[in-house]
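# Fold and contact review
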Amino acid sequence: MHRQKDVNPVYRDLSQPVEKRVDDLLARMTIEEKIGQMCQYSGFNEKHEALLRKGRVGSFLNVTGVENTNKVQKIAVEQSRLGIPLIFGLDVIHGYKTIFPIPLGLASTWDPDAVKKAASIAAKEAASEGTHWTFAPMVDIARDPRWGRIAEGAGEDPYLGSVMAKALVEGFQGANLSHLDTVVACPKHYVAYGGAEGGRDYNTVDVSERVLREVYLPPFKAAVVDGGAGTVMSAFNDLNGIPASANRYTLTNILREEWGFEGFVVSDWNAVGELMSHGIAGTPAEAAKEAVEAGVDMDMCGDIYQKTLDQLVREGKVSEETVDEAVRRILRIKFKLGLFDNPFISPERAGEVILCKEHLDAALELARKSIVLLKNEGNLLPLKTNLDSIAVIGPLADDHEAPLGPWACLGDLENVVTVLEGVKAKVSSNTKVLYAKGCEIEGTGTEGFEEAAEKAKAAEVAIVVVGENRDMSGEAASRSSLDLPGVQEELVKTVLDTGTPVVEVLMNGRPLSISWSAEHVPAILEAWFPGIQAGYAVADVVFGEYNPGGKLPVTFPRTVGQVPIYYNHKNTGRPPSSERFTSRYLDLPYTPLFPFGHGLSYTQFEYSNLRIEPASMKVDGAIKISLDVKNVGDRKGDEVVQLYLRDVVASVTRPVQELKGFKRVTFEPGEKKTVTFTVSSRDLAFVGRDLKWIVEPGTFKVMIGSSSQDIRLTGSFEVEPS
Ligand code: NOJ
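If you're wondering where the values come from, they're calculated on a predicted model, not measured in any experiment.

### Observations regarding the overall build of the protein chain
- Across its full length, the protein chain holds 22 helices and 25 strands.
- Computed over the C-alpha atoms, the radius of gyration of the protein chain is 27 Å, within 12% of the 27 Å expected from 2.2 N^0.38 for a compact globule of 722 residues.
- By residue count, 61% of the 722 residues in the protein chain fall in the buried class.
- Sequence separation of at least 24 residues holds for 77% of the intrachain contacts in the protein chain that already meet a minimum separation of 6.
- Working note: accessible area of the protein chain is about 26,500 Å², and carbon and sulfur atoms make up 47% of it.
- The centroid of the 78 positive side-chain charges in the protein chain is displaced by 3 Å from the centroid of its 99 negative side-chain charges.

Below is the structure:
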């Protein structure tokens, strides 16, 4: 019956509601076609083409460009029986061709509006060439900088991570998925992937239910519930004994039943097949059954659903309703994207938007905002542009590749402005710019040190650009050391020994244990991987055209031995102190090198006049916290005002401080502004002894400051029973 030709089927009728179109189409599909929708492949080859003609592919990733996407889409739409369009996915992580700072850098802006704009630009460029779906944002909380994927997320804090997650999803998806400038978002990797033991990628994760709910789940909830993300990616990792891609509790009970998620879940790359390596499935068929019944709707590159699901259904081992539900979710997103109505891309759009001036300006703005001034002894920075001479030294000083960072999508080296180029563009025509590479990022060669020292000696100031190469963070890029790789620290020492004042610029995808530099080098800038406008952004900051206002979204440890170290830790029964029998190290301070939220400015801000109104609230009420902040220096600048709370006595142990609000505000010299936060019960809730969210009456301590450790104002309020 359902194989009959119908010239004007309901599913093709734009005026019909999405659910009706989905149901109509589903009723026409064979089991093979249904399963086809649940299969995704990377790239396009003859084997894929044959499957596609039979209606047995739902999606491709890594098929890019107007010509390719249109060509492959044409086969789906015109040569398969039902003409169901493909959804093309791609890792558009921090830009498509206009590359922005890596996500950790974006988080350092503490500016969700700017981050949202970056995502919307990435979406616009990607969509203009036929991409419909980005595998982003990565919203995994990471408390272990050995884990290379820390570069792809917003750092260690669930609150900041949630704000960024929502901003990124909203930026990618825009107001309406059917708009041609938007792509559907895919928060990943669900869930707790960042909790990998030892910081080793793909490794086992074992976290308590409380930590899962309080730390790892909130950014996903923000992305899905507040941001409206259309898809979610299930992770590779084993979570408390049940792999995340076979975890019905997280994928169905929490995601769908608790949060009401109606989109679809795609597995990470072959995560369904890897259920066999995890040892919870003995055969591909068992793996497919585990994954689909847990709630994984699409199999990324595993070919497991393709090969096993129809037989499982025929044998009654997986119900057809389970398959129908998965297909429904996938089709729903395809309809919402408008793919049935508008499957092809016109070639003109890309030329108008890709790398256009507006996008390059935004990339510069985001890069400037993401830079964190870690140290500035004696106000060495900013430098004057009319110096007689300046040395630019280091393996990253003129590197076109590293600033792109990991997952730079279609970013092109040729579009990257290096620090050397940025400095040259900024200094006066009389300033001599001397350059020496000094050494490689990795390796032991010190032959370049002599030249570096000579150039530094001949200059008034030396900028030394050191850090990691782009492959040292991102996927499968865990490190057991957080030190500067190779002989870069020796290079910094060599340059410093010349007596020329040194500005150290770091480019890296994770916090680095730069204890030696922090002690000896007068000025240090954390630039992360700033994207294609790297050099201009760094130069703007170095020469004071832009006053840095970024803050760390993650703690910098003194050495890797302190890991995991994060600001929102528990107090313990024996809080660390100089006393022996407290929670400390014998051979190392327990404090971080640079704390969460840290970042200096070329101006200073004075905090005053904390008001908490009213002085108490009901458990389901709200309270207003306001304060005055004044720029008491003589330069315009941004301050990120940070609000931390502590539940002083509760039925379960609570962190010593938790970020619950922040605002990045721009101040003219001498300008004073009132900053206001509203705290509601949602900000006070925690997972109680019965593992349910609860707000308990009692005293809450208020801490407001310029970093998690630079607390300027404190107060408290009471929470009363309702
Ligand atoms: C594997 C990575 O873990 C994931 O983040 C990415 O989106 C997919 N590969 C697709 O490239």
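So much for the structure itself; the text now carries on.
### Description of the site of the ligand
- Every residue close to the ligand is listed here: Leu61, Asp91, Phe135, Arg149, Lys188, His189, Met233, Phe236, Asp268, Met300, Trp407 and Glu475.
- One nitrogen or oxygen atom from the side chain of Arg149 is found 2.6 Å from an oxygen atom belonging to the ligand.
- In the environment of the ligand, an oxygen atom lies 2.7 Å from a nitrogen or oxygen atom belonging to the side chain of His189.
- With the chains in place, 96% of the 300 Å² that the ligand exposes on its own is no longer accessible.
- Taken together, the residues of the shell around the ligand break down into six nonpolar, one polar and five charged.

### Examining the packing of aromatic side chains
- Tallied over the entire structure, the rule returns 19 aromatic pairs.
- Ring centres of Trp110 and Phe662 lie 5.1 Å apart, and the angle between their planes is 80°; this geometry places the pair in the edge-to-face category. Here Phe662 lies in strand 20 (residues 658-667) and Trp110 lies in the loop between helix 5 (103-108) and helix 6 (112-128), a separation of 552 residues in the sequence. Of the two residues examined, Trp110 and Phe662, each falls in the buried class.
- Residues Tyr202 and Phe236 carry aromatic rings whose centres are separated by 5.2 Å and whose planes lie at 80° to one another, so their mutual orientation is edge-to-face. Of this pair, Tyr202 sits in the loop between helix 7 (158-173) and helix 8 (209-216) while Phe236 sits in the loop between strand 5 (231-234) and strand 6 (238-239), and the two are 34 residues apart along the sequence.
- Judged by its relative accessible area of 35%, Tyr202 falls in the partly exposed class.
- An aromatic cluster of at least three residues, connected via ring pairs, comprises Trp110, Tyr159, Tyr567, Phe596, Tyr644 and Phe662.

### Focus on the side chain of Arg143
- Within the element layout of this structure, Arg143 appears in the loop between strand 4 (133-134) and helix 7.
- Although buried, Arg143 forms no salt bridge, and the nearest oppositely charged side chain, Glu156, lies 7.0 Å from it.
- Side-chain polar atoms of Arg143 contact the side chain of Tyr566, separated by 3.4 Å.
- Not counting chain neighbours up to four residues away, the residues in contact with Arg143 comprise Val215, Val563, Pro564, Ile565, Tyr566 and Asn568.

### Observations concerning the sheet that holds strand 3 (residues 87-90)
- Sheet architecture is open: five strands sit in the order 4-3-2-1-9, paired in parallel fashion. This sheet does not close on itself; its edge strands, each paired only once, are strand 4 and strand 9 (299-300).
- Pairing analysis gives two bridges linking strand 3 to strand 4, with the strands arranged parallel. Bridge pairing links Leu90 to Thr134 in strand 4.

### Some details on the packing of helix 12 (residues 284-294) against helix 13 (residues 304-314)
- Interhelical geometry of helix 12 versus helix 13 gives an angle of 85° and a closest axis separation of 9 Å. By the angle class used here, helix 12 and helix 13 are roughly perpendicular. Where helix 12 approaches helix 13, its residues Pro284, Ala285, Ala288, Lys289, Ala291 and Val292 are matched on the opposing element by Ile304, Tyr305, Thr308, Leu309 and Leu312.
- Here the residues of the contact of helix 12 with helix 13 sort into nine nonpolar, one polar and one charged.

### Some details on the domain arrangement of the protein chain
- Here the protein chain is partitioned into domain 1 (362-558) and domain 2 (605-720).
- Taking the mean C-alpha position of each, domain 1 and domain 2 sit 34 Å from one another.
- Contacts between the two partners involve eight residues from domain 1, matched on the other side by nine residues from domain 2.
- Across the domain 1 to domain 2 interface the summed buried area is about 640 Å²; carbon plus sulfur atoms make up 39%.
- When the buried area of domain 1 at its contact with domain 2 is split by residue, Asn547, Gly549 and Lys551 rank highest and sum to 67% of it.
- Taken together, the links from domain 1 to domain 2 amount to one salt bridge.
- Measuring nitrogen to oxygen at the nearest pair gives 3.2 Å for the salt bridge that ties Glu639 to Lys551.
- Inspection of the region where domain 1 meets domain 2 yields six residue pairs in polar contact (both at pLDDT 80 or more).
- Its residues assigned to classes, the side of domain 1 that touches domain 2 shows two nonpolar, four polar and two charged.

### Considerations on the layout of surface pockets
- Size it by volume and the largest pocket reaches roughly 1,300 Å³.
- The wall of the largest pocket is formed by 46 residues, among which Pro158, Tyr159, Ser162, Pro218 and Lys660 lie closest to the centre.
- Counting only elements with at least two residues in the lining of the largest pocket, the list comes to helix 6, helix 7, helix 8, helix 9 (218-226), strand 20, strand 21 (672-680) and helix 22 (681-684).
- Per element, the largest residue contribution to the lining of the largest pocket is seven residues, and it comes from strand 20.
- Each residue belonging to the lining of the largest pocket can be placed in one class, and the counts come to 20 nonpolar, seven polar and 19 charged.
- As a volume, the second largest pocket reaches approximately 680 Å³.
- Considering the residues around the second largest pocket, the lining is formed by 27 residues, among which Tyr566, Tyr567, His569, Pro576 and Tyr590 are closest to the centre.
- For the lining of the second largest pocket, the per-class residue count stands at 14 nonpolar, 10 polar and three charged.

Criteria and thresholds
Residues numbered from 1 in each chain as written. Predicted model: local features only at pLDDT ≥ 70, side-chain atom pairs only at ≥ 80, totals over all residues. Heavy atoms only, no water. Helix = DSSP H or I, 4+ residues; strand = E, 2+ residues; numbered from the N terminus. Rg over C-alpha atoms; globule rule 2.2 N^0.38 Å. Buried < 20%, exposed > 50% of the residue type's maximum accessible area, 1.4 Å probe, protein only. Contact = heavy atoms within 4.5 Å. Areas by Shrake-Rupley, 256 points an atom, 1.4 Å probe, with all protein chains shown as cover. Lys, Arg positive; Asp, Glu negative; His and termini not counted. Charge placed at Lys NZ, Arg CZ, Asp CG, Glu CD. Near = heavy atom within 4 Å. Polar contact = N/O pair within 3.5 Å; in protein donor to acceptor, adjacent residues only side chain to side chain. Nonpolar A, V, L, I, M, F, W, Y, C, P; charged D, E, K, R; others polar. Phe/Tyr/Trp six-rings, centres within 6.5 Å; stacked < 30°, edge-to-face > 60°. Salt bridge = Lys/Arg side-chain N within 4 Å of Asp/Glu carboxyl O. Pairing = 2+ DSSP bridges. Axes fitted to C-alpha atoms, helices over the stretch in contact; angles between N-to-C directions. Parallel < 35°, antiparallel > 145°, perpendicular 65-115°, else oblique. Domains from an automatic or database assignment. Buried area = accessible area lost by both parts, 1.4 Å probe. 1 Å grid on protein atoms, 1.4 Å probe; cavity = no way out; pocket = protein on both sides within 12 Å on 5 of 7 lines; lining within 4 Å. Points joined across faces, edges and corners; volume = space filled by probe spheres on them.

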